[in-house]
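A closer look at the structure
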Protein chains: 2
Amino acid sequence: MAASETRQSIVAAADDLFYENGFDHTSFAQVAEVVGISRGNFYYHFKTKDEILDAVIEKRLEDRRTMMSQWSSSQETPRQRVAQFIRILLTNEAKIKTYGCPIGTLFTELSKLDHPGEDSARRLFDLFRIWLKRQFELMGHTRDADDLGMHILARSQGVATLANAYPNEPFLKNEVQQMLAWLEALEASGNT
Amino acid sequence: MAASETRQSIVAAADDLFYENGFDHTSFAQVAEVVGISRGNFYYHFKTKDEILDAVIEKRLEDRRTMMSQWSSSQETPRQRVAQFIRILLTNEAKIKTYGCPIGTLFTELSKLDHPGEDSARRLFDLFRIWLKRQFELMGHTRDADDLGMHILARSQGVATLANAYPNEPFLKNEVQQMLAWLEALEASGNT
DNA sequence: CCTGAAATAGGACAAGTGACCTAAAAAACT
DNA sequence: AGTTTTTTAGGTCACTTGTCCTATTTCAGG
């Protein structure tokens with residue numbers, strides 16, 4: 001098989017396993033088994049575990065970028081686009097209740113491990129942060145656009161964490177409704 | 001030294017290390033070194049790693065219980081007590097920015113590891129959840145007391161996560177102000 | 001078909017882990 | 001002081017981990 005294909009399979013499998021079991025707790029053997037290759041072959045494609053982590057983060061960045069560009073083409077107004085962001089919680093409800101937020105849990109783990117990849121993981125937050133800021137600016141909230149973005153980002157993180165702790169409750173849906181209501185209540189024009 | 005004292009030292013050291021480096025990533029040797037005892041002695045007090053985890057969770061539960069009972073005696077109204085809860089984020093600002101929330105990060109890790117201690121860790125959330133519910137009930141919000149408690153719990157979690165990701169920003173203080181304003185804006189009497 | 005590069009397999013290694021064991025030291029009690 | 005119990009130290013074990021190495025297979029280009 002071509003090297004790039006195998007590489008993709010490895011990154012995809014590692015992406016899932018890191019999400020489901022955590023980065024530190026996922027071993028090379030596990031990834032290799034899921035992909036269906038030998039551990040030895042593994043090292044032909046990735047020399048260190050950190051290299052896989054970098055590749056996984058790069059993949060997650062790319063996946064989110066395409067997701068956000070789809071929003072830009074399907075949603076007319078910035079308000080609708082932010083609403084789309086909030087609704088990720090519903091789209092991924094099942095996985096979030098089981099594994100939490102893929103971005104938040106990865107950053108939290110790497111931060112706790114004092115792992116160099118922490119900085120790369122923060123870039124996943126940055127991606128949404130900057131994008132959200134831009135949307136709020138387009139809504140006219142030029143001065144506090146970043147604060148509003150951080151606010152909605154934090155709310156999403158908190159909801160994901162508690163939905164993970166209490167999966168069998170309507171909590172997540174309730175909070176999404178509240179966040180959407182908050183978004184609607186925001187004045188159309190900012191305070192500049 | 002008396003066994004109970006050594007045991008306490010171990011639990012205290014493990015509490016810190018689990019918070020700073022994570023449960024899975026903390027080894028017996030590290031805890032023993034911090035306490036200043038041999039690894040062999042360790043097993044006289046705790047037969048398995050899970051036993052230490054249980055003891056640490058029990059300690060955290062007890063610490064929070066005493067904290068909340070202090071609030072009850074120092075704060076007159078339930079509204080002031082909830083405000084005190086919100087202000088934990090400020091009290092522990094430095095540690096939260098470095099290590100995140102001790103309750104949230106522990107639960108997230110155990111959930112990801114599929115560790116049996118996940119249920120015990122959830123009881124830490126329960127402690128605050130039930131207490132918050134009670135405060136909102138006392139404020140007159142009998143019907144949606146639990147929703148309000150979960151809401152403020154989730155906001156705190158989200159703020160802690162993002163403050164950990166962006167420690168060099170006024171974000172945490174801003175959000176605490178917003179949460180306190182939200183609390184003030186709640187009607188004194190509920191919707192029953 | 002042949003040849004050299006690309007890709008794969010599987011074994012080996014050192015380090016670290018949780019767990020266990022036994023003997024020595026310390027403390028408590030008679 | 002002597003004896004029993006409590007507490008401690010340090011070695012050992014089986015296992016897993018990330019990493020490395022070498023031999024074999026696959027496969028494309030001449």
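As a reminder, the structure under discussion sits directly above these lines.
Residues numbered from 1 in each chain as written. Chains lettered and ligands numbered in written order. Predicted model: local features only at pLDDT ≥ 70, side-chain atom pairs only at ≥ 80, totals over all residues. Heavy atoms only, no water.

1. Remarks on the interface of chain B and chain A
We apply this condition: In this analysis, two residues are considered to be in contact whenever any of their non-hydrogen atoms come within 4.5 Å of each other. The term buried area refers to how much accessible surface (probe radius 1.4 Å) is lost by two components on association, counted for both of them together. Every case where a carboxyl oxygen of Asp or Glu lies within 4 Å of a side-chain nitrogen of Lys or Arg is listed as a salt bridge. Each polar contact in these results corresponds to two N or O atoms within 3.5 Å; when the atoms are within protein, one needs to be able to donate a hydrogen and the other to accept it, and residues that are neighboring in sequence are counted only if both atoms are side-chain atoms. The numbering of helices and of strands both runs from the N terminus, where a helix is a DSSP run of H or I of at least 4 residues and a strand a run of E of at least 2. Lys, Arg, Asp and Glu make up the charged group, whereas Ala, Val, Leu, Ile, Met, Phe, Trp, Tyr, Cys and Pro make up the nonpolar group; the residues left over, Gly among them, are polar.
Listed per partner, the contact involves 38 residues of chain B and 38 residues of chain A. Taken together, both faces of the contact between chain B and chain A bury some 3200 Å²; the carbon and sulfur share is 57%. A per-residue breakdown of the area chain B buries against chain A is headed by Lys112(B), Leu162(B) and Tyr166(B), which together make up 21% of the total. Joining chain B to chain A, the criterion identifies two salt bridges. For Arg129(A), the salt bridge goes to Glu169(B), with nearest N and O atoms at 2.7 Å. On inspection of chain B and its partner chain A, the count reaches 18 residue pairs in polar contact (both at pLDDT 80 or more). The element that contributes the greatest number of residues to the side of chain B that touches chain A is helix H10 (residues 145-165) of chain B, accounting for 13 residues. Here the side of chain B that touches chain A is built from residues that sort into 14 nonpolar, 14 polar and 10 charged.

2. Let's talk about the protein's contact with DNA strand C
Threshold: By convention in this text, a residue qualifies as near a molecule or strand provided that one of its non-hydrogen atoms is within 4 Å of it.
Residues in close proximity to DNA strand C total 16 residues, the closest being Gly40(A), Tyr44(A), His45(A), Tyr43(B) and Lys49(B). Restricting attention to atoms of DNA strand C within 4 Å of the protein, one finds that 70% of them are sugar or phosphate atoms. The separation between a phosphate oxygen of DNA strand C and a polar side-chain atom of Tyr44(A) is 2.9 Å. The separation between a phosphate oxygen of DNA strand C and a polar side-chain atom of Ser27(B) is 3.4 Å. Elements supplying a minimum of two residues to the surface near DNA strand C: helix H1 (3-21) and helix H3 (39-45) of chain A. Of the residues forming the surface near DNA strand C, the biggest block, four residues, is contributed by H3(A). Its residues placed into classes, the surface near DNA strand C shows seven nonpolar, eight polar and one charged.

3. Thoughts on the relation of the copies chain B and chain A
Inclusion rule: What sets the superposition is a least-squares fit of C-alpha atoms, and only residues with pLDDT of at least 70 in both copies go into it.
When chain B is brought onto chain A, the operation consists of a screw motion whose angular component is 180° and whose axial shift is 0.0 Å, with 0.0 Å RMSD remaining. As the rotation angle and translation indicate, the two copies are arranged about a two-fold axis. When each C-alpha of chain B is compared by its distance to the rotation axis, Gly158(B) comes out closest, at 1.9 Å. By residue overlap, the copies meet face to face through one surface: 100% of the interface positions of chain B are interface positions in chain A.

4. What about the protein's contact with DNA strand D?
Among the 15 residues in the neighbourhood of DNA strand D, the closest are listed as Tyr43(A), Lys49(A), Gly40(B), Tyr44(B) and His45(B). In the interface set of DNA strand D, defined as its atoms within 4 Å of the protein, sugar plus phosphate atoms amount to 67%. A distance of 3.3 Å is found between a phosphate oxygen of DNA strand D and a side-chain nitrogen or oxygen belonging to Tyr43(A). In this structure, a base nitrogen belonging to DNA strand D sits 3.5 Å away from a main-chain N or O atom of Gly40(B). Of all elements in the fold, only helix H1 (3-21) and helix H3 (39-45) of chain B reach the threshold of two or more residues within the surface near DNA strand D. Classifying every residue of the surface near DNA strand D by side-chain character gives six nonpolar, eight polar and one charged.

Don't take any of this as a statement about function, it's just geometry.
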